[in-house]
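Chains, contacts and geometry: an overview
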Amino acid sequence: MYYQGLINKYRKYLPVTDSTEIVTLNEGNTPLIKADNLAKKIGINVNLYLKFEGCNPTGSFKDRGMTMAVTKAKEAGANAIICASTGNTSASAAAYGAKAGIKTFVLIPDGYIALGKLSQAMMYGAEIIAIKGNFDQALDCVREISSKYPVTLVNSVNPYRIEGQKTGAFEICDALGKAPEYHFIPVGNAGNITAYWKGYKEYREAGIINNLPKMAGFEAEGSAAIVRGERILTPETIATAIRIGNPASWKQAEAARDESGGKIGCVTDEKIIEAYKMIASTEGILCEPASAASVAGLIQAHTAGFVQPETDVVCILTGNGLKDPDNAIKYSNADVKKTSAEINDVLRVMGI
Ligand SMILES: *Cc1c(COP(=O)(O)O)cnc(C)c1O
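This report concerns the structure included in the present document. Everything quoted here is computed from the prediction, not taken from an experiment.

To continue, consider the site of the ligand. Surrounding the ligand, one finds 16 residues, the nearest of these being K62, N88, N189, A190 and T318. N88 places a side-chain nitrogen or oxygen 2.7 Å from an oxygen atom of the ligand. The contact in question runs from a nitrogen atom of the ligand to an N or O atom on the side chain of T318, over 2.7 Å. Starting from 380 Å² of accessible surface for the ligand in isolation, the protein chains cover 97%. Its atoms largely coinciding with the cavity grid, the ligand occupies the largest cavity. Taken together, the residues that form the shell around the ligand break down as 6 nonpolar, 8 polar and 2 charged.

We now examine helix α15 (residues 343-350). With 0 of 8 residues buried, α15 is to be regarded as a mostly surface element. At the C-terminal side of α15, G351 shows a positive phi close to 85 degrees.

Among the surface-exposed residues, V346, M350 and I352 lie close enough to one another that they form a single nonpolar patch of about 320 Å² accessible area. Overall, M350 belongs to the exposed group, its relative accessible area being 55%.

Turning next to the sheet that holds strand β6 (residues 152-153). In spatial order, the strands read β5-β4-β3-β6; together these 4 strands make up an open sheet with parallel pairing. With one partner strand each, in any of the chains shown, β5 (127-131) and β6 form the two edges of the open sheet. Two elements, strand β4 (residues 103-109) and β5, share 5 bridges in a ladder whose sense is parallel. Within β5, the position partnered with F105 by the bridge is E127. Along the sheet, helix α6 (residues 135-148) makes contact with β3 (80-84), β4, β5 and β6, crossing β3 at roughly 155 degrees.

Inspection of the secondary structure assignment puts S90 in helix α4 (residues 88-100). Classification of S90 by relative accessible area gives buried; the value is 1%. When neighbours within four sequence positions are excluded, S90 is seen to be in contact with C83, S85, V106, I108 and A121.

The element strand β7 (residues 182-186) is largely enclosed, with a buried count of 5 among its 5 residues. Alternating residues of β7 divide into Y182, F184 and P186 and H183 and I185, and every residue in both groups is buried. Bridging between β7 and strand β8 (residues 214-220) involves 5 bridges; their strand directions are parallel. In the sheet register, P186 faces β8, and the bridge partner there is F218. Read as a crossover between parallel neighbours, the route from β7 over helix α9 (residues 191-205) to β8 is right-handed. Note that β7 and strand β10 (residues 312-317) share 3 bridges and pair parallel. Opposite H183, over in β10, you have V314 as the bridge partner.

Rules used in this analysis
- Residues numbered from 1 in each chain as written.
- Predicted model: local features only at pLDDT ≥ 70, side-chain atom pairs only at ≥ 80, totals over all residues.
- Heavy atoms only, no water.
- Near = heavy atom within 4 Å.
- Polar contact = N/O pair within 3.5 Å; in protein donor to acceptor, adjacent residues only side chain to side chain.
- Areas by Shrake-Rupley, 256 points an atom, 1.4 Å probe, with all protein chains shown as cover.
- 1 Å grid on protein atoms, 1.4 Å probe; cavity = no way out; pocket = protein on both sides within 12 Å on 5 of 7 lines; lining within 4 Å.
- Sits in = over half its atoms within 2 Å of the grid points.
- Nonpolar A, V, L, I, M, F, W, Y, C, P; charged D, E, K, R; others polar.
- Buried < 20%, exposed > 50% of the residue type's maximum accessible area, 1.4 Å probe, protein only.
- Helix = DSSP H or I, 4+ residues; strand = E, 2+ residues; numbered from the N terminus.
- Patch = residues over 30% accessible without salt bridge, like charges linked within 9 Å, V, L, I, M, F, W, Y side chains within 5 Å.
- Salt bridge = Lys/Arg side-chain N within 4 Å of Asp/Glu carboxyl O.
- Pairing = 2+ DSSP bridges.
- Contact = heavy atoms within 4.5 Å.
- Axes fitted to C-alpha atoms, helices over the stretch in contact; angles between N-to-C directions.
- Right-handed = clockwise from strand over helix to strand, strands pointing away.

And the structure:
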């Protein structure tokens, strides 16, 4: 049978039964890409892999959680779902809502979501509400609405989201035949680091692997609530997908760090952009700025001596850079050379 999405693939680890009607866009099964050029550029002697979650159907890892959350919402007879979003959750909820035939409401911070993500939610047919406030305020809002009205919350505080997202860890272990020694990941609301850690632990309990990675999560410096140990009321960063000042899975992220002997750090926007460009130019992978926080984190951790040589290191690239062409064009420094359509003019511009 051809690949039919992560619930079918990993159903024995997921809360579904044979009669569950699965809502899927065949998400998951994303490539784990060996990144020798990038490792060389960083100057690190490890087996470096990039898990490119931008290859999911709506272009981010959010689809892993959303197939599960919407499947369970539909099973429970929900007529509507709602989420707060920095962009990718809304795109994903809207897509799976469309597939399920369920009404989708999304709350976004006005002016702070990448245009590609907004265009997705619009095309998939969600009801889009832009609030004059940030993600944390939008999340407070939808939590209250979903507790009082018959609309299912599909943010990562919904436990089914975490269940779906943990399959990313299964895929990495299936590909490597073991867990990596280090797992680097961007941290925003901290659902994904929570989910990966759960996935690795479950695979070990099942006897499929016998090691666990050190979990290394990275926030953006202007939104680094966990690192600072306090809620940030006005989070700022160019990496809008992790522009979150009060992570919902804060405690679980700290548990993943502490249980694994890992770390949660933060990286500046400058380092994020540097990594974002480096990944694209050395490996041919255009991820989102937020995604590059994992690689910026690796560079920082390597400099600090945290990473042992000759180990397996996985960096999660959470989303697809095509969602945010404004930043790609702004930071690429590429200049587009213009000339006439005459071959001789083109050759001259080519320097031939
Ligand atoms: C949602 C998101 C994150 C942050 O994930 P959390 O689970 O909120 O920590 C990082 N990168 C991208 C591209 C995202 O969409």
